[in-house]
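Each chain is listed here by its residues.
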Amino acid sequence: MSTSVEADELERCILDLLHEGLDDAAIARRLGVGHRTVQRRVRGLMERWQVVGRVALGARAQEFGLLKRSERAA
């Protein structure tokens, strides 16, 4: 099974906000979507990228170069 590096605009926004430490409800409010939508997108990314857990998801997103450069990381 191959790993698709692709992430749509909503998924990239969700990844950035997860990286900032927001929970699903806060991400949903910020993006104007339902919290279940956020949960489904996160679960979908974890399945597609074959990772278990949000920390691993963030690490994989960073490996793929999908996270915005954080001021905290500078």
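1. Quick word on helix α3 (residues 35-48)
Over its 14 residues, α3 runs 20 Å from end to end, which matches the ideal 20 Å to within 8%, given 1.5 Å per residue. At its buried positions, α3 is contacted by α1 (9-19), α2 (24-31) and α4 (54-63). Among the residues trailing α3, Q50 stands out with phi positive, at a value near 55 degrees.

2. Things to note about the packing of α2 against α3
Following both chains from N to C, one finds α2 and α3 inclined at 110 degrees, their axes separated by 8 Å at the closest point. Relative to α3, the element α2 is oriented roughly perpendicular. Read as a crossing pair, α2 and α3 show a hand that is right-handed. Residues D24, A25, I27 and A28 of α2 form the contact with α3, whose participating residues are H35, V38 and Q39. Of the residues that constitute the contact of α2 with α3, the class distribution is four nonpolar, two polar and one charged.

Procedures and definitions
Residues numbered from 1 in each chain as written. Predicted model: local features only at pLDDT ≥ 70, side-chain atom pairs only at ≥ 80, totals over all residues. Heavy atoms only, no water. Helix = DSSP H or I, 4+ residues; strand = E, 2+ residues; numbered from the N terminus. Expected span 1.5 Å × (residues − 1). Contact = heavy atoms within 4.5 Å. Axes fitted to C-alpha atoms, helices over the stretch in contact; angles between N-to-C directions. Parallel < 35°, antiparallel > 145°, perpendicular 65-115°, else oblique. Left-handed = near helix turned anticlockwise from the far one by under 90°. Nonpolar A, V, L, I, M, F, W, Y, C, P; charged D, E, K, R; others polar.

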